[in-house]
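Next come the chains, spelled out residue by residue.
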Amino acid sequence: MHVASSGNQVIPYADKCFEFPLIQSPSNIRKVRSTYKKIKQITEENNYAVIHCHTPVISVLTRLIGKDLRKKNTKIIYTAHGFHFYKGAPLSHWLIYFQAEKYLSRHTDVLITINEEDYQNTIRYNFKAKESKLIDGVGIDLEKYSPAAFEASDKLRVDYNYNQDDFILIYVAELNANKHQELLIHLIDKVKEDIPTVKLLLVGDGELSGYYADLVNELNLTKYIDFLGFRKDVGKLLKLADVSVSSSKREGLPLNVLEAMAMGKPLVVTNSRGNKNLVENGENGKVVNNLDEFRESVIKLYESEEKRIKYGENGREKVKRYSLDHILEEMEEIYDHVLEGN
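Quick caveat, the model's predicted, so the values are computed rather than measured.

## Some remarks on unusual backbone geometry
Positive phi outside glycine occurs at Asn126, with the angle close to 55 degrees. Examined against the element boundaries, Asn126 turns out to sit in the loop between α4 (116-124) and β6 (131-134). If you check the backbone angles, Asn161 has positive phi at about 65 degrees while not being a glycine. Within the fold, Asn161 resides in the loop between α5 (153-159) and β7 (167-172).

## Looking at the sheet that holds strand β9 (residues 225-229)
Strand order in the open sheet formed by 6 strands is β9-β8-β7-β10-β11-β12, and the pairing between neighbours is parallel. Every interior strand has two partners, whereas the edge strands, β9 and β12 (285-288), have only one. For this sheet the average axis-to-axis angle between neighbouring strands, irrespective of direction, equals 20 degrees. In this structure, strand β8 (residues 198-203) lies alongside β9, joined through 4 bridges in parallel fashion. Directly across from Leu202, in β9, lies its bridge partner Phe227.

## Some details on the pattern of salt bridges
All told, the structure shown has 18 salt bridges when counted by the stated rule. The closest approach of N and O atoms between Asp136 and Arg321, which form a salt bridge, is 2.9 Å. Taken as a pair, Asp136 in the loop between β6 and α5 and Arg321 in the loop between α12 (305-318) and α13 (324-340) lie far apart in primary sequence, 185 residues in all. With a closest N to O distance of 3.9 Å, Glu151 and Lys236 form a salt bridge.

Each value, and the rule that gives it
Residues numbered from 1 in each chain as written. Predicted model: local features only at pLDDT ≥ 70, side-chain atom pairs only at ≥ 80, totals over all residues. Heavy atoms only, no water. Helix = DSSP H or I, 4+ residues; strand = E, 2+ residues; numbered from the N terminus. Pairing = 2+ DSSP bridges. Axes fitted to C-alpha atoms, helices over the stretch in contact; angles between N-to-C directions. Salt bridge = Lys/Arg side-chain N within 4 Å of Asp/Glu carboxyl O.

Printed below as a string of structure tokens:
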């Protein structure tokens, strides 16, 4: 197995690794062109039976190249981690991303989606992939993300310099416009009088880190909000938190929500695709439509430890269908089916 990624990390199961630049926007024409040439060279030299692509821009390039490769019986699988066109998306997204994905679907053997809305769109708009599949995300390691795998919350709070009576909210996400941390900053401004011990942990880096830090300073919220940057101890941070939150505008099937569910945390999330696929109102958390509903839901969880425990336990049970073992079984079936067609 060969793997291409944007990092130079060692991947144990790979026989060979290739490093590609991370391309988040197609506007960098020089980078796109050089990456296209590199993908074309690698795929032509190695005569792959199956190519499975994920990230949006790389997947576009791979499927364009794949037009010729498929004539040689190479199979192309594409996992869409969240289409940019969705209910409520800007018209420009439908004019650009929808048209591109629909065209490229004809050069795709298996198109995998990870949420119901995306899957239904491939059916409704007659995408031309040979097959469309819906799977439950990319898989969550339930042994790694298990409350039992970490020290007691009380001890972790001492280790991380938080007080036992702090009411800690956590959001693990890149700091960008789509993840919309600005909403959470204003949430803290709204709840700080009702919950004087509230803390918000923002875990992640991103292009808006400076803007968000300035906003926190402007609103005099520095004692309530901690910017923790990129972390490798997310499990421990989740363990010491009281509630996991998400302010995202758009998701595929959010890993941060799955991780919080696996850790037995109650959730308050925005009513966006992906979030609402995982969080059921009154079962494992609350799905909210605006800042006032967010504030009300957080305060109710602050006031009820019983409700926090109930939501956490329900989430831990619900997350089992998204386990890594389950997803690997689904993917094995897809690969076997594709290879049988060769």
